There are 2 protein chains.
Amino acid sequence: MKFLSDIEIAQNKELKHIKNIAKKLSIEEDDLEMYGKYKAKLPLNLINEEEIAKNNLVLVTAMTPTPSGEGKTMVSIGLTEGLNKVGKQATVVLREPSLGPVFGIKGGAAGGGYSQVVPMEDINLHFTGDFNAVEKANNLLSALIDNNLQSKCCSLNLDPRTILWKRVIDMNDRSLRKITIGLGGTANGIPREDGFNITPASEVMAILCMATSFENLKTRLGNIFVGFTFDKKPIFARDLKAEDAMAILLKDAIKPNLVQTLEENPAIIHGGPFANIAQGTNTIIATKVGLSLSNYVVTEAGFGADLGAEKFLNIKCQAAGLSPKAVVLVATIKALRHHGGAAKDQINEPNLGLVKKGICNLVKHIENINKYNIKPVVAINAFVNDLPEEIDYVIKKCNKIGVQAVVMESWAKGGEGAMSLANAVVDIVDDTTEKFTPIYNWDMPVKEKIEKIAKEIYGASAVDYDKKAKLNLKRIERLGFNNFAVCMAKTQKSFTDNEFLRGRPENFVVTVREIEIAAGAGFIIPILGQMMRMPGLPAAPASEAMHIDKNGVISGLS
Amino acid sequence: MKFLSDIEIAQNKELKHIKNIAKKLSIEEDDLEMYGKYKAKLPLNLINEEEIAKNNLVLVTAMTPTPSGEGKTMVSIGLTEGLNKVGKQATVVLREPSLGPVFGIKGGAAGGGYSQVVPMEDINLHFTGDFNAVEKANNLLSALIDNNLQSKCCSLNLDPRTILWKRVIDMNDRSLRKITIGLGGTANGIPREDGFNITPASEVMAILCMATSFENLKTRLGNIFVGFTFDKKPIFARDLKAEDAMAILLKDAIKPNLVQTLEENPAIIHGGPFANIAQGTNTIIATKVGLSLSNYVVTEAGFGADLGAEKFLNIKCQAAGLSPKAVVLVATIKALRHHGGAAKDQINEPNLGLVKKGICNLVKHIENINKYNIKPVVAINAFVNDLPEEIDYVIKKCNKIGVQAVVMESWAKGGEGAMSLANAVVDIVDDTTEKFTPIYNWDMPVKEKIEKIAKEIYGASAVDYDKKAKLNLKRIERLGFNNFAVCMAKTQKSFTDNEFLRGRPENFVVTVREIEIAAGAGFIIPILGQMMRMPGLPAAPASEAMHIDKNGVISGLS
């Protein structure tokens, strides 16, 4: 039997006109801004706080992932299909993929197998131009900064050595990580060190995803912290009168995008901030539009629950006043073997012993979700070489600590493979009486917030601060940013800040090396290790195997 | 009386749904790929060669311009309105504006006054994402080049010092003109000199505009000349297996965009290559789609007729097999005064003497157009401080050499102000019996082609070649690119290569400093002076005066 590739499955699907998908959400055709026949932007006035309060938000997160990921996007889509199959009106709300990884190793991010959002080519390429708009807004600010350095008449006295704002490009391009600009004489600006990040790492992306309205977006853009003057005064984007022009560039990007799943259910895809140095989840506006129109909204957040769910719950939900009713923890037998100590080549081989050793990782994530007063359900994303004994063990172990675990087969079967998960989610939502409570409140002292996360979520015994981090703490205090949320930047491969420590490490200390400020997004970013902000291409880039024929049919895109 | 700004006029207009504009061209609604309600992409299968041969192509070009431009886009739009008013079915086909100048000095490029294409904000901002697609395709090739330099397994042995391909960004950003990349150690690539051009200067943009089909686009992308190996072999984009991925990024950008004029006539806006180092006119595909659907197509080409019309006729029309029926030469009294020797502060003051002195410039352009066997008509783009005597003089002078000159008032009056111009154009088209003949054929020797242009169009007595240019000629010979078109890069401010020589200089020599190769676009580029490929922002950037309110209404964009 030949397995079809993701793109072949997506191309075999005959798509419904987006008008018909919109109808399922009772959106008037006149409210749709169509981008071709299968994509549309939605207006912000669809947001209805009363409906949001009544409807049900479900977060899909995961145990500590292996490098290939555990399939959160695929599970989110599958679960949405499943919920619709069991008679619930459900919408999936996701992040937009970055173009860079499409030509690198990772590929796109539109789900997989029989759980995909379509048209997958468009979603994985330029989509409706949101990433481009973010990139341009980011780089306009950069151009304004360097133009001000060059300017004689209107200088802000900005010290070029203190500039924190970088340019971005949505491309895997390692050569742009560290560059010098402004070379070649007086006409070409002031020479200084700079670098490009990939577009999802832009604070403008984080801002777009935190914004609650167009006005709020503009205010946040103005609040971007650029650097210091030679006499140590902070300079913000508003000092460069940049926020209106940046907002103009984002006037369409702020509107969420409607597409469809393979089973013709609504999918809202909007925003795509990095999960390592930003909040790693779609826009507040998209989530709210989804909840305004749909009884169930299934959404996801990047990496494992120690990062994705933590930021989703403590940053996004607190900022937006959202209260999730259930959390799905995606686990794979493969990842459990990994956390049980499997060598790289053992990870795909059945091994109950390793699963038993690795279950501690999943258990810690379960305990963590309980701390938020939300009930988790474990979704075991099934692979062909999982042994029944391995799966049985996980289910029983979860049951023993009061949590349901169900096998999820939507990669192969779509919504049908997610019906038991859907039923489990509905049970939790219907039974929920407790209200979600965050781990920390934003108005706590900065160090207390960081410690809360490190100790309660990671399981650390203490937090150390490097010299630079201590200076950064003083800067945050001085600038009056104490009441910002905390957006941790830590490896996704471990509960600790050491990517090699698997399972459920104990008695460890995490070290905050420095603390960045994202004043527009409204959070500080404690850096717990080297964070990649500009990936490179592999020796044989995915682009080499891509083809497009004269009818525009693409192959080799994944 | 308060004059409304361009954006106010545009915003006061209640736009027709793009479906209704498409109906005027007999395009089925199902063939439209809508981008919101007022923009749509058109499929390439609308191209119909039989119709193209029957219908009438009209080029709008200009005398040697002053820095503020003589209003070709505005005249093109006004003429289209005028043609529709006199009972012809006419479509305007234009270039897309670049984002960079919108935030700089020049502003957008959607016409002006009561001759505009709308929605002007969208057209001047991201529009349908074509520029972004070009930028990404360009920069993917850059990333692949630097990745290949870094690669151990798949090295092409490319000599980094010979790389001609630059990155692009659609932003006025002088600090990126000259940079060093790949700094910071072995993980970050190979250090080398590089620089960013603005996106319209990308060869990918030139290619998109020269492509006659999707297959042809892909072939051209593969033909891009990247640089040499250490043993002096040429490397092309196809050696990096880049052309399919680049074409994938351009799969939507290749489709022309339909919008409307203020008087609800069809406007097709597509592609935007620089006019100094590239062909400076919209895509062949857009022009052909227009001509397939419309009895009259009015189009324009950048700068004065020595550059814009020359390239349009010799490069685009020869490549596409197009045969224009009439040429409109835009003149302003202001520009005539300028060429008569007016000082900067005299240019807006009535002065018949200076107009009489400056008319030689217009006359030379008229003579040039006649050389193509096309009859020109002069459109005097009227300004409030033009004297009747000045205008009378121009009309009579033109008549004396057998050319009609009409006053054009569409900035203030829209189509109504262009009816006499429209009638004059219709007369020429109806009377045309001769067939357009180019100045040179592509298969002539390179130097002969360059001399043809320099002598017959510029009026030069001879062409000099710098040492570098001579070496470049040998390279062109060696690479087998002799039969490429010639895309001259010369100042637009003078017939000569010296921007300070106004009027109609005689007995001058032009110097070719070097000759670049755009092997994908299919032309060589003789460089006759410093060409700006990355503008800077002014001390007070236009962005500072832009505003957007909470309903998304923009002001300060021009």
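Because the structure is a prediction, the values reported are computed rather than measured.

**A word on the sheet that holds strand β23 (residues 523–527) of chain B**
Residue and element names in this part refer to chain B. The three strands are arranged β20-β23-β22 in an open sheet whose pairing can be described as mixed. Every other strand in the sheet has two partners, leaving β20 (485–486) and β22 (514–518) as the edge strands with one partner each. Inspection of the sheet shows β20 paired to β23 by two bridges, in the parallel sense. Bridge assignment links Val 486 to a residue of β23, and that residue is Ile 524.

**Topic: the sheet that holds strand β20 (residues 485–486) of chain A**
One open sheet accounts for three strands, arranged β20-β23-β22 (chain A); its pairing is mixed. In the strand order of this sheet, the two ends are held by β20 and β22 (514–518) of chain A, each with one partner.

**Overview of the pairing of strand β6 (residues 115–118) of chain B**
Residues and elements named next belong to chain B. Residues Ser 115 and Val 117 of β6 are buried on one face, and the alternating residues Gln 116 and Val 118, pointing to the opposite face, are buried as well. Bridge analysis of strand β5 (residues 111–112) against β6 gives two bridges, and the strand direction is antiparallel. The partner of Gly 111 across the bridge, within β6, is Gln 116. Linkage of β5 to β6, two consecutive antiparallel strands, is achieved through a turn of two residues, within which Gly 113 is found at a positive phi near 60 degrees. Across two bridges, the pairing between β6 and strand β13 (residues 257–261) is antiparallel. By the bridge assignment, Val 117 is partnered in β13 with Thr 261.

**A look at the packing of aromatic side chains**
This structure, assessed with the given rule, holds twelve aromatic pairs over all chains. For the ring pair A:Phe196 and B:Phe196, a centre distance of 5.3 Å and an interplane angle of 10 degrees mean the geometry is stacked. With A:Phe196 in strand β10 (residues 196–198) and B:Phe196 in strand β10 (residues 196–198), this residue pair bridges two chains. Take A:Phe196 and B:Phe196: they sit in the same class, and that class is buried. Each ring, one from A:Tyr372 and one from A:Phe436, has its centre 6.4 Å from the other, and the planes form 25 degrees; the classification is stacked. With A:Tyr372 in the loop between α14 (352–371) and β17 (376–381) and A:Phe436 in the loop between α17 (419–431) and α18 (446–458), the pair connects residues that are 64 residues apart, well separated along the chain. As far as burial versus exposure is concerned, A:Tyr372 and A:Phe436 are alike and both buried. Every member of this aromatic cluster is reached through a ring pair, and the members are A:Phe225, A:Phe228, A:Phe236, A:Phe481 and A:Phe484. Here B:Arg238 stacks its cationic end above the ring of B:Phe236, 4.4 Å away from the centre of that ring. B:Lys490 extends its terminal NZ or CZ atom over the ring of B:Tyr458, reaching a point 4.7 Å from the ring centre.

**Quick look at the domain arrangement of chain A**
Residue and element names in this part refer to chain A. Here chain A is partitioned into domain 1 (6–128 + 253–431), domain 2 (132–249) and domain 3 (446–528). Put simply, the middle of domain 1 and the middle of domain 2, counted by C-alpha atoms, are 33 Å apart. Taken together, the contact pairs 22 residues of domain 1 with 17 residues of domain 2. The junction of domain 1 with domain 2 conceals about 1,600 Å² of combined surface from both sides, 72% of it contributed by carbon and sulfur atoms. Remark: the boundary between domain 1 and domain 2 carries zero salt bridges. Where domain 1 packs against domain 2, one counts five residue pairs in polar contact (both at pLDDT 80 or more).

**Considering the UniProt feature "binding site: ATP" (unreviewed entry) in chain A**
Residues and elements named next belong to chain A. According to UniProt, the "binding site: ATP" (unreviewed entry) feature falls on Thr 66, Pro 67, Ser 68, Gly 69, Glu 70, Gly 71, Lys 72 and Thr 73. In this fold, Thr 66 is placed in the loop between β3 (56–62) and α4 (72–85). Among the residues examined, Thr 66 registers a relative accessible area of 6% and is labelled buried. Those residues in contact with Thr 66, other than ones at most four positions away along the chain, are Lys 334, Ala 335, His 338 and Ile 347. Relative to the helices and strands, Glu 70 resides in the loop between β3 and α4. With near-sequence residues (within four places) excluded, Glu 70 lies in contact with Pro 65, Val 330, Thr 332, Lys 334, Ala 335 and Asn 381. Of note is the side chain of Glu 70, whose polar atom sits 2.7 Å from the backbone nitrogen of Thr 66.

**Structural notes on the relation of the copies chain A and chain B**
For the pair chain A and chain B, the relating rotation is 180 degrees, the translation along its axis is 0.0 Å, and the fit reaches an RMSD of 0.0 Å. These values place the two chain copies in the arrangement generated by a two-fold rotation axis. No C-alpha of chain A lies nearer the rotation axis than that of A:Tyr35, which sits 2.2 Å from it. Most of the interface of chain A is mirrored in chain B: 100% of its interface residues are interface residues there too.

**Details of the packing of α14(A) against helix α15 (residues 388–400) of chain A**
Residues and elements named next belong to chain A. At a closest axis distance of 10 Å, the pairing of α14 and α15 adopts a crossing angle of 35 degrees. You can see that α14 and α15 cross each other, and the crossing is right-handed. Contacts between α14 and α15 involve Leu 352, Val 355, Lys 356, Ile 359, Leu 362, Val 363 and Ile 366 from the former and Glu 389, Glu 390, Tyr 393, Val 394, Lys 397 and Cys 398 from the latter. In the contact of α14 with α15, the residues fall into nine nonpolar, no polar and four charged.

**Here we look at the pattern of salt bridges**
Using the criterion set out here, one finds 63 salt bridges over all chains in the structure. Where A:Lys13 meets A:Glu264, a salt bridge forms, and the shortest distance between an N and an O atom there is 2.6 Å. Taken together, the residues span a long stretch of sequence, with A:Lys13 in the loop between α1 (6–12) and α2 (18–24) and A:Glu264 in the loop between β13 (257–261) and β14 (266–269) at a distance of 251 residues. With its nearest N and O atoms 3.9 Å apart, the salt bridge here joins B:Lys241 to A:Glu544. Separated into two different chains, B:Lys241 in the loop between β12 (234–236) and α10 (243–249) and A:Glu544 in the loop between β23 (523–527) and β24 (547–548) make up a pair that spans both.

**Overview of the interface of chain A and chain B**
On the chain B side, the residues contacting the 70 residues of chain A number 71 residues. Summed over the shared surface of chain A and chain B, the result is eight salt bridges. Ranked by residue count, the leading element in the side of chain A that touches chain B is helix α7 (residues 130–150) of chain A, at eleven residues.

**So, unusual backbone geometry**
Note the cis peptide between A:Val118 and A:Pro119, where omega equals 0 degrees. By the element assignment, A:Pro119 lies in the loop between β6 (115–118) and α6 (120–124). Although it is not a glycine, B:Phe303 adopts a positive phi angle of roughly 65 degrees. Relative to the assigned elements, B:Phe303 resides in the loop between β15 (296–300) and α12 (308–320). Given the relative accessible area of 22%, B:Phe303 is considered partly exposed. A positive phi angle is found at B:Asn507, which is not glycine, with a value near 55 degrees.

**Topic: the packing of α7(A) against helix α8 (residues 203–210) of chain A**
All names here are of chain A. Running from N to C, α7 and α8 point in directions that differ by 120 degrees, and their axes come no closer than 8 Å. Looking at the two axes, α7 sits oblique to α8. Here the hand of the crossing between α7 and α8 comes out right-handed. On α8, the residues touching Phe 131, Val 134, Ala 137 and Asn 138 of α7 are Val 204, Met 205 and Leu 208. Class assignment for the residues of the contact of α7 with α8 results in six nonpolar, one polar and no charged.

Rules used in this analysis
- Residues numbered from 1 in each chain as written.
- Chains lettered and ligands numbered in written order.
- Predicted model: local features only at pLDDT ≥ 70, side-chain atom pairs only at ≥ 80, totals over all residues.
- Heavy atoms only, no water.
- Pairing = 2+ DSSP bridges.
- Helix = DSSP H or I, 4+ residues; strand = E, 2+ residues; numbered from the N terminus.
- Buried < 20%, exposed > 50% of the residue type's maximum accessible area, 1.4 Å probe, protein only.
- Phe/Tyr/Trp six-rings, centres within 6.5 Å; stacked < 30°, edge-to-face > 60°.
- Lys NZ or Arg CZ within 6 Å of the ring centre and 35° of its normal.
- Domains from an automatic or database assignment.
- Contact = heavy atoms within 4.5 Å.
- Buried area = accessible area lost by both parts, 1.4 Å probe.
- Salt bridge = Lys/Arg side-chain N within 4 Å of Asp/Glu carboxyl O.
- Polar contact = N/O pair within 3.5 Å; in protein donor to acceptor, adjacent residues only side chain to side chain.
- UniProt positions renumbered as here; feature names shortened; annotations may be inferred.
- Least-squares fit on C-alpha atoms with pLDDT ≥ 70 in both.
- Axes fitted to C-alpha atoms, helices over the stretch in contact; angles between N-to-C directions.
- Left-handed = near helix turned anticlockwise from the far one by under 90°.
- Nonpolar A, V, L, I, M, F, W, Y, C, P; charged D, E, K, R; others polar.
- Parallel < 35°, antiparallel > 145°, perpendicular 65-115°, else oblique.

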